[in-house]
Amino acid sequence: MNAVEQLAIVKEKIAAAEREAKRPTGSATLVAVSKTFDADAIRPVIEAGQRVFGENRVQEAQGKWPALKAEFPDIELHLIGPLQSNKAKEAVALFDAIETVDREKIAAELAKEIARQGRMPKLYVQVNTGSEPQKAGIEPREAVAFVRRCRETHGLAIEGLMCIPPLDENPGPHFALLAKLAKEAGVDKLSMGMSGDYELAVAFGATSVRVGSAIFGAR
Ligand SMILES: *Cc1c(COP(=O)(O)O)cnc(C)c1O
């Protein structure tokens, strides 16, 4: 199956999961993760109507998205990979949402660039729900205070939380933890769920799911 056919299947499964969870149709947004795929592979998916995309590297995204965004101005591009503070300028210039705010230094750099450029991407705090040492994200026990500091110290409008559960664990408890932390932090957007578990994430309240290989194929 090609990416456009896979896209239709993923969208239908999201709609079914919304119905199952008694959630309104369209309440979980599909972020199509196009990392490693080039513009020629992405274009048919855009032409099929998909408008929200995710990339995990600033530099890779800079190579393909400026031209696509010029052609399709209503595209919404999400940064879902770790952000280095020396890339904050480029990230604020290109992305419409940055889902990986996870430390003070990044918050400060983003605040500076948002003020300088007058561009205001949506912002999410990434939470390392499994406390994995190799993984980005703020520790769960620090997440609520960090969201508060982003707001109060840096003036950032954090809209939601994002997580990537450990590969080898049942993701359900991680989705539940993220939802609980979001409630405590007073944010209502939840970015969770990937190709293997997006329907479960919808059941746990995901407002966006990040699906790559189930649409574009193996990387
Ligand atoms: C690659 C990636 C995804 C998509 O993963 P698939 O398993 O291909 O759906 C989602 N979120 C993040 C943060 C990623 O880096």
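Report on the accompanying structure.

1. What about the site of the ligand?
Stage number 1. If you check the shell around the ligand, you find V33, K35, I80, M162, I164, M194, S195, R210, V211, G212, S213 and R219 and nothing else.
Stage number 2. At 2.5 Å, a side-chain N or O of S195 approaches an oxygen atom of the ligand.
Stage number 3. Here an oxygen atom of the ligand and a backbone polar atom of G212 are 2.8 Å apart.
Stage number 4. Of the residues assigned to the shell around the ligand, the class counts are six nonpolar, three polar and three charged.

2. Focus on helix α5 (residues 104-117)
Helical geometry: 3.6 residues make up each α-helical turn, so side chains three or four residues apart lie on a common side.
Stage number 1. The end-to-end C-alpha distance of α5, which contains 14 residues, comes to 20 Å, matching closely the 20 Å that a straight helix rising 1.5 Å per residue would cover.
Stage number 2. Within α5 the residues assigned to the buried category are I106, A107, L110, A111, E113 and I114.
Stage number 3. Close packing links the buried residues of α5 with α4 (88-94), β4 (97-101), β5 (122-127) and α6 (140-152).

3. Quick notes on the pairing of β5
On any regular strand, side chains alternate: one points to one face of the sheet, the next to the other face.
Stage number 1. Of all six residues in β5, five are buried; the element is thus mostly enclosed.
Stage number 2. Note: β4 against β5, three bridges, orientation parallel. Note that in β5 the partner of A97 across the bridge is K122.
Stage number 3. Summarising the sheet, β5 and strand β6 (residues 158-163) pair through five bridges and their orientation is parallel. Across the sheet, the residue bridging to Y124 is G160, located in β6.

4. Focus on the state of the cysteines
Stage number 1. If you walk through the whole model with that rule in mind, you get zero disulfides.
Stage number 2. Just so you know, C150 is unpaired, no disulfide at all, and the nearest cysteine sulfur is the one on C163, 17 Å from it.
Stage number 3. The exposure class assigned to C150 is buried, which follows from its relative accessible area of 0%.

Cut-offs and rules
- Residues numbered from 1 in each chain as written.
- Predicted model: local features only at pLDDT ≥ 70, side-chain atom pairs only at ≥ 80, totals over all residues.
- Heavy atoms only, no water.
- Near = heavy atom within 4 Å.
- Polar contact = N/O pair within 3.5 Å; in protein donor to acceptor, adjacent residues only side chain to side chain.
- Nonpolar A, V, L, I, M, F, W, Y, C, P; charged D, E, K, R; others polar.
- Helix = DSSP H or I, 4+ residues; strand = E, 2+ residues; numbered from the N terminus.
- Expected span 1.5 Å × (residues − 1).
- Buried < 20%, exposed > 50% of the residue type's maximum accessible area, 1.4 Å probe, protein only.
- Contact = heavy atoms within 4.5 Å.
- Pairing = 2+ DSSP bridges.
- Disulfide = S-S within 2.5 Å.

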